[in-house]
Amino acid sequence: MKNFILGLAVLSAGIMNAQTQIIAHRGYFQTNPPTTENSLKSLENAQNLKIYGSEFDVRMTKDGVLVINHDEHHAKMEISETDFKELEKVKLSNGEQFPTLKDYLKKGKKDKSLKLIVEIKPDKTKEKEDELTAKTIKMIKDLKLESQSEFISFSLNICKEIKKLEPSFKVQYLRGELSPQQIKDEGLDGIDYHYSIFEKNPTWISEAKALGLITNSWTVNDVAVYEKLKNQGIGFVTTNIPDQLKNK
């Protein structure tokens, strides 16, 4: 009887561990009242949801300051061609200061239960990408956030550079053209693809899991799409509606 109960407990734990986890896309910003994506407030909102993680985008200014912004431009200024002192003159739409990576990580460190999903954006040259990657990793290590941080990028060079600098860091590729086996062969930890990629390649989630890879999908803002991915056994989804999906 004891063995039976123990077996049930192990099975229950396995099921719990297999449940699809929720990551807020650029923080949780579609609130009431709404705030701004990639803002400190959106990160705080994600922290309050008690979900797995919150994703955000890292870029580098002309003078080498690491900032949080999805698009290549802030207002009408191209981030990579503009010094930070000019960029910070324009606030976010919610009134916040234009956020640096350092400010964002310090905010993230206040809740160690929320993983920080660091998307390092592609840059114009390999040299720039390598500088951006090295600076990002150094800042995370300086703030002792290694165990709280995971990494994603559309740049295969950036993904491989992260693994070169810190082999223990979890790194997933975003673009979607590489099969699970190719990702494994590149030495990366997982696939984080748009849900349409999994619709076109319905065996990739199971193949990735069989290879021991992390599986994630973006940007899942439809409950039906979420349910389909969940039924396929996906490990994570990244979404603009984390509040709606967290209890599904």
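Residues numbered from 1 in each chain as written. Predicted model: local features only at pLDDT ≥ 70, side-chain atom pairs only at ≥ 80, totals over all residues. Heavy atoms only, no water.

Participant: Sorry if this is basic, but what is going on with unusual backbone geometry here?
Facilitator: Glycine aside, the phi torsion of most residues is negative, and most peptide linkages are trans. Following N32, the chain continues to P33 via a peptide bond in cis, the omega torsion being 0°. Mapping P33 onto the fold places it in the loop between β1 (21–24) and α2 (40–49). At K144, a position not held by glycine, the phi torsion is positive, near 55°. Examined against the element boundaries, K144 turns out to sit in the loop between α5 (126–142) and β7 (149–153). (Helix = DSSP H or I, 4+ residues; strand = E, 2+ residues; numbered from the N terminus.)

Participant: Looking at this structure, how should I read the pairing of strand β2 (residues 53–60)?
Facilitator: If a strand is regular, its side chains alternate between the two faces of the sheet. Among the 8 residues in β2, 8 count as buried, and that is most of the element. Along β2, one buried face is formed by G53, E55, D57 and R59 and the opposite face, lined by S54, F56, V58 and M60, is buried too. In terms of strand pairing, β1 meets β2 through 2 bridges, oriented parallel. Considered in β2, the bridge of A24 is made with S54. Relative to strand β6 (residues 115–120), β2 runs parallel, the two sharing 6 bridges. Across the sheet, the residue bridging to F56 is V118, located in β6. Pairing between β2 and strand β3 (residues 66–68): 3 bridges, direction antiparallel. Residue pairing in the sheet places V58 in a bridge with I68 of β3. (Buried < 20%, exposed > 50% of the residue type's maximum accessible area, 1.4 Å probe, protein only. Pairing = 2+ DSSP bridges.)

Participant: Can you walk me through helix α10 (residues 223–231) in this structure?
Facilitator: Given 3.6 residues per helical turn, the α-helix brings residues three or four places apart onto the same face. Taken together, the buried positions of α10 are V225, Y226 and L229. Along α10, the residues classed as buried sweep out an arc of 100° about the axis, all on the same side. Those residues of α10 that are exposed and angled more than 90 degrees off the buried face are A224 and N231. Residues of α10 that are buried sit in contact with β1, α8 (195–200), α9 (204–210), β10 (214–218), β11 (236–239) and α11 (242–245). (Arc of directions from axis to C-beta. Contact = heavy atoms within 4.5 Å.)

Participant: Where do I start with the pattern of salt bridges in this structure?
Facilitator: It is possible for side chains bearing opposite charge to pair when their charged atoms get close. Applying the stated criterion across every chain yields a total of 16 salt bridges. For D142, the salt bridge goes to K138, with nearest N and O atoms at 2.8 Å. Taken together, the residues D142 and K138, both in helix α5 and 4 residues apart, mark about one turn of the helix. Taking the relative accessible area as the measure of exposure, D142 reaches 48% and is therefore partly exposed. Taking the shortest distance from any N to any O, the salt bridge between E166 and K141 comes out at 2.5 Å. With E166 in the loop between α6 (156–165) and β8 (171–173) and K141 in helix α5, the pair connects residues that are 25 residues apart, well separated along the chain. According to the relative accessible area criterion, E166 is buried, its value standing at 16%. (Salt bridge = Lys/Arg side-chain N within 4 Å of Asp/Glu carboxyl O.)

Interpretation note: all reported values are geometric properties and have no functional meaning in isolation.
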